[in-house]
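Coordinate analysis (summary)
Residue strings, one per chain:
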Amino acid sequence: MPTIAAANNLTIQAENTMWSLLNGTGETPVPIVQATPHGLQYRPSFGTARRLPSDGRLSSDQITTVVVGWAVEDSSWHLGLMLTAELAQSRGGRWCGLARWSADGDENATLAGELLADMLDKPFRRVAPTPSPTVHEPPVQISPILAQSAQSDSLQDTVVYSPSPLTTTAVAQPGDLTEPIVVQEPIEPPPLMPLPLTMGEWTMSEDDEDLLWERSRGWRNKTLLNAAFFAVLTLIFGTLSVGARLSLYAPVQPEWLPYVGLALTALMIILFLGQVSLLLRATSVVIDNQQRLVRVVRGYRPGTRKVRMTLAQAPYEGIDYVLVSHVMSRQESGTAREPGLPSYDRIWPEVWIHLYSPRRGFINVCYISQTEGRMLSGLSFSVRRSLNLAEIDTPAHHAAVYMAEKIGIPAYVETR
């Protein structure tokens, strides 16, 4: 009985009469999809996420091909099914993804696909990555000193396109060169900060096997205090205004003053209701690793998986990348701590975090009014680039990396 591990804690088991895709994160793996010669059976959440028939079954004649292919977008191998054109009209596409593997998972992906194709008695197709063209140039004879100089130039040329910041190391060279050649080496990014992470109005924490974005305790306490403050002012202005109108003593002068108090009372009521509405309408974002969904919800109860309302959801396979965009509220120039090390600026950015789905567009995860961290001096993010914590390092960017790793997608950063 072959057992094959896939990304996102999934496991594939193949028996003589059944092929199973399991959520392998618990002690007893939960079957997500089971294939027999008659077709597929799947959990309702899987069918909802992939817009499959609601009865939880997919007959064999609705499947045309089993495909394992390389995706350039996330540099990983994907296993899925090609469905019939009739079914594709109702769900918006023929591809139905099942599992994925990292770049070195070619053999496991292929084996899982072949076993599934054998079980369903369907054709199997493997789509390999397209090799990059190589330009062959004739060798050029150069002197040893020029060779050393060319080597140094080639290293500098490589640095221009390197995605990581660099440290410099002086390497002494023999011969006629009196100055050492500077070799530039990439810096390792810092380790991820431990969860939970608090960033202004938001907190990211673990909820069993899931990730949870929710409003921070500081934000909730501040909103509650604002609501209580406006409630007290409502009582004060209302009591004074109504009391002045109903008083048996001499009327308040000027006579219009009680009406101003009533207007302020109405304003305080509006502000009070606004704060209460913020609390009631606060959203949470759940990276649901069991159902492999990202859900934007209201009224989420950690530990129970119960929600009052689901506003939006998207399957892992329907999300392409995480995007972190920022605007610098404040920036202080820094200096290198040691010779040869890069310098970092202290930064206080506003941060927006989104997930991009080709079907739904950008899904807003959170807006953080201000967080604190550091950024490589002189670096510009005017052009979108891969998120590297060695280049920009704040709790918000660490949270984005957590989310990208959980879903299995790349993360990018840019200036808004």
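Please refer to the structure placed before this passage.
Attention here is on the structure that accompanies the text. Every value quoted in this text rests on a predicted model; they were computed, and no experiment measured them.

To continue, consider the overall build of the protein. Each helix and strand in the protein was counted, giving seven helices and 25 strands. Sorting the 416 residues of the protein into buried and exposed places 40% on the buried side. For the protein, contacts bridging at least 24 residues in sequence account for 54% of all contacts bridging at least 6. Carbon and sulfur atoms provide 56% of the accessible area of the protein, an area that totals close to 23,100 Å².

So, on to empty space enclosed by the protein. Scanning the entire structure with this criterion turns up one cavity of 30 Å³ or more. In this model, the largest cavity occupies a volume close to 90 Å³. In terms of lining, the largest cavity is formed by N23, V30, I32, R43, S45, F46, R50, Q290, Q291 and R292. Contributions of two or more residues to the lining of the largest cavity are made by β4 (30-36) and α1 (44-49). Residue composition of the lining of the largest cavity, by class: three nonpolar, four polar and three charged.

With that out of the way, let us pick up the pairing of strand β16 (residues 283-288). Of all the six residues making up β16, five are buried; the element is thus mostly covered by neighbouring parts of the structure. Inspection of the sheet shows β16 paired to strand β17 (residues 293-298) by six bridges, in the antiparallel sense. Bridge pairing in β17 places V285 opposite V296. Counted along the chain from β16 to the antiparallel partner β17, the turn is four residues long, and its residue R292 has a positive phi close to 55 degrees.

Attention now moves to the pattern of salt bridges. Under the definition given, this model contains nine salt bridges. A salt bridge links D106 to R126, with the shortest nitrogen-to-oxygen separation between them at 2.6 Å. Of this pair, D106 sits in helix α3 (residues 106-120) while R126 sits in strand β10 (residues 124-127), and the two are 20 residues apart along the sequence. D106 sits in the partly exposed class, given a relative accessible area of 22%.

Core analysis: the biggest nonpolar cluster contains 43 residues, and W213, V322, I353, L355 and M403 have the highest contact counts within it. The contacts of I353, once residues within four sequence positions are left out, are W213, V322, L323, V324, I363, N364, V365, C366, A396 and M403. I4, L81, C96 and L120 belong to the second largest nonpolar core, which has 33 residues in total.

Peptide bonds are, in most cases, trans, and in most cases residues other than glycine have a negative phi. With an omega of 5 degrees, the peptide bond running from L195 to P196 counts as cis. Along the polypeptide, P196 turns up in the loop between β12 (181-186) and β13 (197-199). A positive phi angle, close to 60 degrees, is found at D121, a residue other than glycine. Mapped onto the fold, D121 is located in the loop between α3 and β10. Notably, R292 is not glycine yet its phi reads approximately 55 degrees, a positive angle. When its relative accessible area of 4% is taken as the criterion, R292 is described as buried.

Rules used in this analysis
Residues numbered from 1 in each chain as written. Predicted model: local features only at pLDDT ≥ 70, side-chain atom pairs only at ≥ 80, totals over all residues. Heavy atoms only, no water. Helix = DSSP H or I, 4+ residues; strand = E, 2+ residues; numbered from the N terminus. Buried < 20%, exposed > 50% of the residue type's maximum accessible area, 1.4 Å probe, protein only. Contact = heavy atoms within 4.5 Å. Areas by Shrake-Rupley, 256 points an atom, 1.4 Å probe, with all protein chains shown as cover. 1 Å grid on protein atoms, 1.4 Å probe; cavity = no way out; pocket = protein on both sides within 12 Å on 5 of 7 lines; lining within 4 Å. Points joined across faces, edges and corners; volume = space filled by probe spheres on them. Nonpolar A, V, L, I, M, F, W, Y, C, P; charged D, E, K, R; others polar. Pairing = 2+ DSSP bridges. Salt bridge = Lys/Arg side-chain N within 4 Å of Asp/Glu carboxyl O. Core = buried A, V, L, I, M, F, W, Y, C linked by side-chain atoms within 4.5 Å.

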